[in-house]
Amino acid sequence: KACSIEQVNIANNHFVDYQEKGKVSTKNALREAGIPFSGYSQLYVWDVKGHRIGFAGVREQIYNQRPEIIAEETRKLRDQGCEVVIYSCHWGTEYSPEHNEKQIEMASACAYAGVDIVIGTHAILSPSIQFHDLGLIIIDECHEGSYLSEQVPKYSAVETAIERARLSDAKVVLGSATPSVEIY
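So, a few notes on the structure that sits alongside this text. What you see is a predicted model, and the numbers here were worked out from it, not measured in a lab.

What about the packing of helix H3 (residues 69–79) against helix H4 (residues 101–113)?
H4 packs onto H3 with a crossing angle of 30 degrees between their chain directions and a minimal axis gap of 9 Å. On the basis of their axis angle, the class for H3 and H4 is roughly parallel. The handedness of the crossing between H3 and H4 comes out as right-handed. From H3, Ile70, Ala71 and Thr74 reach across to H4, where they touch Met106, Ala109, Cys110 and Ala113. Each residue belonging to the contact of H3 with H4 can be placed in one class, and the counts come to 6 nonpolar, 1 polar and no charged.

Pasting the structure below:
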């Protein structure tokens, strides 16, 4: 069966790297390729096999300016009949295995708004975030050293994900194009 890209989230700091010209160019390239996108207040509803799946996304800087955006966009997608809402959050510090308070705030806002699936960048497995029905944790590129904390207390985000999933009766998917022997 052929693989495809069903939707792209553009809500990240790289989207603005080349100012307005780059933003317009990116959106036009996605449209020309027939790839829908969400983020930066652009919502996408995917109708598939009689079901409606809603996509939205925000980056940390925009959330700081409008903390109500997650709830507003989730409500708009529900109003459009979406049974499932997938929200992508571009948050945290690149290459840091530590989460920050803003990630906890944003993840909690997703949970409170009733988001069904949260896709987050950078490490966040805080037990202080109370997801109501945690079913799956995905760690992509799990072989990277950025998942190992060098700060006290030292921990492995992969081991933390496995334990968090065990406590929540959830599943864990460890993804990697180049898996380590330990992970494999």
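Read on for the rest.
Considerations on the nonpolar core
Generally speaking, soluble globular proteins have nonpolar side chains that are buried together. In this structure, Val58, Tyr63, Ile70 and Tyr87 are the most contacted members of the largest nonpolar core, which totals 17 residues. For this core, the secondary structure elements donating two or more residues are strand S4 (51–59), H3, strand S5 (84–90) and H4. Setting aside residues up to four positions removed in sequence, Val58 forms contacts with Ala11, Tyr63, Ile69, Ile70, Tyr87, Ser88, Cys89, His90 and Met106. Counting residues in each nonpolar core, the second largest holds 6 residues, with Ile137, Val158, Ala165 and Ala170 among its members.

Concerning the pattern of salt bridges
Counted by the stated rule, this structure contains 6 salt bridges. A salt bridge links Glu68 to Arg66, with the nearest nitrogen and oxygen atoms 3.3 Å apart. Taking relative accessible area as the criterion, Glu68 reaches 37% and is therefore assigned partly exposed. Lys102 is paired through a salt bridge with Glu105; the nearest N and O atoms lie 3.3 Å apart. On the criterion of helical spacing, the pair formed by Lys102 and Glu105 is a turn pair, its members being 3 residues apart in helix H4. Taking relative accessible area as the criterion, Lys102 reaches 22% and is therefore assigned partly exposed.

Some points on the side chain of Gln7
Among the structural elements, Gln7 can be located in the segment before strand S1 (8–9). Side-chain polar atoms of Gln7 contact the side chain of Ser38, separated by 2.4 Å. In this structure, Gln7 is in contact with Pro36, Phe37, Ser38, Tyr44 and Phe55, ignoring residues within four places of it in sequence.

Thoughts on the sheet that holds S5
What links the strands of a sheet is backbone hydrogen bonding, and the strands pair in either a parallel or an antiparallel sense. Spatially, 4 strands are ordered S3-S4-S5-S6 in an open sheet, and the strand pairing comes out mixed. Of all the strands in the sheet, just strand S3 (44–48) and strand S6 (117–120) have a single pairing partner and so form its edges. The sheet shows a mean angle of 20 degrees between the axes of neighbouring strands, direction not considered. Note: S3 against S4, 5 bridges, orientation antiparallel. Residue Val48 lies in a different strand from S4, and its bridge partner there is His51. Along the sheet, H3 contacts S3, S4 and S5; its crossing angle with S5, the most-contacted strand, is approximately 155 degrees. Across the face of the sheet, H4 comes into contact with S4, S5 and S6 while running at roughly 170 degrees to S5.

What counts and what doesn't
- Residues numbered from 1 in each chain as written.
- Predicted model: local features only at pLDDT ≥ 70, side-chain atom pairs only at ≥ 80, totals over all residues.
- Heavy atoms only, no water.
- Axes fitted to C-alpha atoms, helices over the stretch in contact; angles between N-to-C directions.
- Helix = DSSP H or I, 4+ residues; strand = E, 2+ residues; numbered from the N terminus.
- Parallel < 35°, antiparallel > 145°, perpendicular 65-115°, else oblique.
- Left-handed = near helix turned anticlockwise from the far one by under 90°.
- Contact = heavy atoms within 4.5 Å.
- Nonpolar A, V, L, I, M, F, W, Y, C, P; charged D, E, K, R; others polar.
- Core = buried A, V, L, I, M, F, W, Y, C linked by side-chain atoms within 4.5 Å.
- Buried < 20%, exposed > 50% of the residue type's maximum accessible area, 1.4 Å probe, protein only.
- Salt bridge = Lys/Arg side-chain N within 4 Å of Asp/Glu carboxyl O.
- Polar contact = N/O pair within 3.5 Å; in protein donor to acceptor, adjacent residues only side chain to side chain.
- Pairing = 2+ DSSP bridges.

Taken by themselves, the reported measurements are silent on function.
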